[in-house]
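Okay, here's what each chain looks like letter by letter:
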Amino acid sequence: MQAAIRGKSGLVFVDADIPRPKATEILVKVRASSLNRADLALVDGKAHGTAGGTGTPLGLEWSGDVVEVGSEVTAYKVGDKVMCSGLGAFAEYAVADWRRAFRFPSHDMDYETAACLSVALRTTHTAMRHVAKLEAGQTVMVLGASSGVGLMALQVAKHFGAKLVIGTSTKADRRERLAEFGADVALDSNDPEWSRKVLASTDGRGVDLLVDFLAGPFINDSMRAVRIGGRIVNIGRMAGETGEFDFDLHSMRRIEYLGMTFRTRTLEDFGDIAERVQRDFWPALRAGQLRLPIDARLPLAQAAQACEMMRKNTHFGKIVLVQDA
């Protein structure tokens, strides 16, 4: 089969054997795969959890049909349509532990749509509901809302009953579209007054929860935008992995600063998370209430071009690689 791996200097395609599933894995004929920011790190040879370096299978998210199941798998059978996360999505076949897979929420969902959902649903549910304890009636800000997971975070805030949702994007055309996905207020995070505008939108109080995809130099303004006793949950660090942190501001506002990742979670954790995600989101997915826009569709052979498109940050929503049925 054709599979993309990290070569000596970037993404290359190689002829590879079709993987065989281990006891707790399923083998999937890949129909579509979607890009995530972490894919760029792997393409560049950087580590993502325990993965990384030359020879790493590329692609973290895909959808397709189960063609083989491991000896201990009872939750899935050959022929099931699934959406998965793991390694090796930019290939004709990929394996995933069964706990990192979901059945399609409805029979009429297409492969391209499904390929975009697994990571975004799992991430937003875990960060916002399970870690940050979002409750109905609270106010939410999504800092860096025009990414795929950011757009899902806006919708998830509304899904769980947030009374006010604020989103940011540095591009005017993207800010105009944030309302389609649940934002009541759209701000430019490059505006030096953005934290004051958050306070103005919340009667001087600040938001209950700030969902942070940027980090880096934004951390202190983020704390100013959160109410006393509020929470920040960090999901991404697109603006930088380090920054100057005002410890006194953090203390004075009594903010809970929460970290969230899947790179240090066990497969048992993934199984528990999958149950929560399906319970809370599957009815909304069937009703069309949670969605992600697909900005571009490219054939699998153009995986390198798709990564460069993501690197240029000109897209809105998801970039998808498709394969013939």
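First things first, this report covers the structure right here in the doc. All values derive from a computational prediction rather than experimental measurement.

For strand β12 (residues 226-234) and strand β13 (residues 256-259), the ladder comprises 4 bridges, and the chain directions are parallel. Within β13, the position partnered with Ile-232 by the bridge is Tyr-257. Viewed along the sheet, the connection from β12 through helix α8 (residues 247-253) into β13 turns out right-handed.

Our focus in this paragraph is the side chain of Asp-80. Checked against the element boundaries, Asp-80 lands in the loop between β4 (61-69) and β5 (81-85). Residue Asp-80 is classed as buried on the basis of its relative accessible area, which comes to 7%. From its side chain, Asp-80 meets the backbone nitrogen of Lys-77 in a polar contact 2.9 Å long.

The subject of this paragraph is the packing of aromatic side chains. Per the stated rule, a full pass over the model turns up 7 aromatic pairs. Judged by centre distance (5.8 Å) and plane angle (70°), the rings of Phe-104 and Tyr-111 are edge-to-face. You can call Phe-104 buried: its relative accessible area is 10%. Ring centres 5.8 Å apart and planes at 40° place the aromatic pair Phe-160 and Phe-281 in the tilted group. In this pair, Phe-160 is assigned in the loop between α4 (148-159) and β9 (164-168) and Phe-281 in helix α9 (residues 267-286), connecting sequence segments 121 residues apart. Take Phe-160: its relative accessible area is 9%, and that puts it in the buried class. For Phe-281, a relative accessible area of 0% gives the class buried. Each residue in the set Phe-245, Phe-247 and Tyr-257 is aromatic and connected to the rest through ring pairs, giving one cluster. Lys-29 extends its terminal NZ or CZ atom over the ring of Tyr-93, reaching a point 5.4 Å from the ring centre.

Right, let's talk about the pairing of strand β1 (residues 2-6) for a bit. For β1, the buried fraction is high: 4 of the 5 residues fall into the buried class. When β1 meets strand β2 (residues 11-15), the two strands line up antiparallel, connected through 5 bridges. Its bridge partner being in β2, Ala-3 is matched across the sheet by Val-14. Counting the residues in the hairpin turn of β1 and β2 gives 4 residues, including Gly-10, whose phi is positive at 155°.

Right, let's talk about α9 for a bit. Over its 20 residues, α9 runs 27 Å from end to end, which matches the ideal 28 Å to within 8%, given 1.5 Å per residue. For α9, the set of buried residues is Phe-270, Gly-271, Ile-273, Ala-274, Arg-276, Val-277, Asp-280, Phe-281, Trp-282, Ala-284 and Leu-285. Turning to α9, the residues buried within the fold contact β5, β7 (101-103), α3 (118-131) and α4. The positive-phi residue at the C-terminal boundary of α9 is Gly-288, with phi of around 75°.

Residues Leu-121, Met-128, Val-140, Leu-154 and Val-211 are the most contacted members of the largest nonpolar core, which totals 52 residues. Per-element accounting of this core gives the leading share, 8 residues, to α9. The residues contacting Met-128, other than those within four sequence positions of it, are Lys-133, Leu-134, Val-140, Ala-153, Val-156, Ala-157, Leu-209 and Val-211. Of all hydrophobic cores here, the second largest spans 33 residues; its members include Ala-4, Leu-11, Val-66 and Ala-101.

All right, on to the packing of α3 against α9 then. α9 packs onto α3 with a crossing angle of 100° between their chain directions and a minimal axis gap of 10 Å. The pairing of α3 with α9 is recorded here as roughly perpendicular in orientation. Two secondary-structure elements touch here, α3 through Leu-121, Arg-122, Thr-124, His-125, Thr-126 and His-130 and α9 through Phe-270, Ile-273, Arg-276, Val-277, Asp-280, Phe-281, Trp-282 and Leu-285. Of the residues belonging to the contact of α3 with α9, the class tally is 7 nonpolar, 4 polar and 3 charged.

Along the polypeptide, Asp-208 turns up in strand β11 (residues 207-212). Asp-208 sits in the buried class, given a relative accessible area of 4%. Of the polar contacts made by the side chain of Asp-208, one reaches the side chain of Arg-205; its length is 3.1 Å.

Further remarks concern the packing of α3 against α4. Here α3 crosses α4 at 50°, and the two axes come no closer than 9 Å. Here α3 lies oblique to α4, going by the angle between them. Viewed along their axes, α3 and α4 form a crossing whose handedness is right-handed. Each of Ala-120, Leu-121, Thr-123, Thr-124 and Met-128 in α3 lies in contact with α4, whose residues at this interface are Val-149, Met-152, Ala-153, Val-156 and Ala-157. Class assignment for the residues of the contact of α3 with α4 results in 8 nonpolar, 2 polar and no charged.

On to unusual backbone geometry. Although it is not a glycine, Asp-203 sits at a positive phi angle of roughly 55°. Inspection of the secondary structure assignment puts Asp-203 in the loop between α6 (194-201) and β11. Owing to a relative accessible area of 78%, Asp-203 belongs among the exposed residues under this scheme. The backbone of Ala-215 sits at a positive phi, close to 60°, despite the residue not being glycine.

So, how was this worked out
Residues numbered from 1 in each chain as written. Predicted model: local features only at pLDDT ≥ 70, side-chain atom pairs only at ≥ 80, totals over all residues. Heavy atoms only, no water. Pairing = 2+ DSSP bridges. Helix = DSSP H or I, 4+ residues; strand = E, 2+ residues; numbered from the N terminus. Right-handed = clockwise from strand over helix to strand, strands pointing away. Buried < 20%, exposed > 50% of the residue type's maximum accessible area, 1.4 Å probe, protein only. Polar contact = N/O pair within 3.5 Å; in protein donor to acceptor, adjacent residues only side chain to side chain. Phe/Tyr/Trp six-rings, centres within 6.5 Å; stacked < 30°, edge-to-face > 60°. Lys NZ or Arg CZ within 6 Å of the ring centre and 35° of its normal. Expected span 1.5 Å × (residues − 1). Contact = heavy atoms within 4.5 Å. Core = buried A, V, L, I, M, F, W, Y, C linked by side-chain atoms within 4.5 Å. Axes fitted to C-alpha atoms, helices over the stretch in contact; angles between N-to-C directions. Parallel < 35°, antiparallel > 145°, perpendicular 65-115°, else oblique. Nonpolar A, V, L, I, M, F, W, Y, C, P; charged D, E, K, R; others polar. Left-handed = near helix turned anticlockwise from the far one by under 90°.

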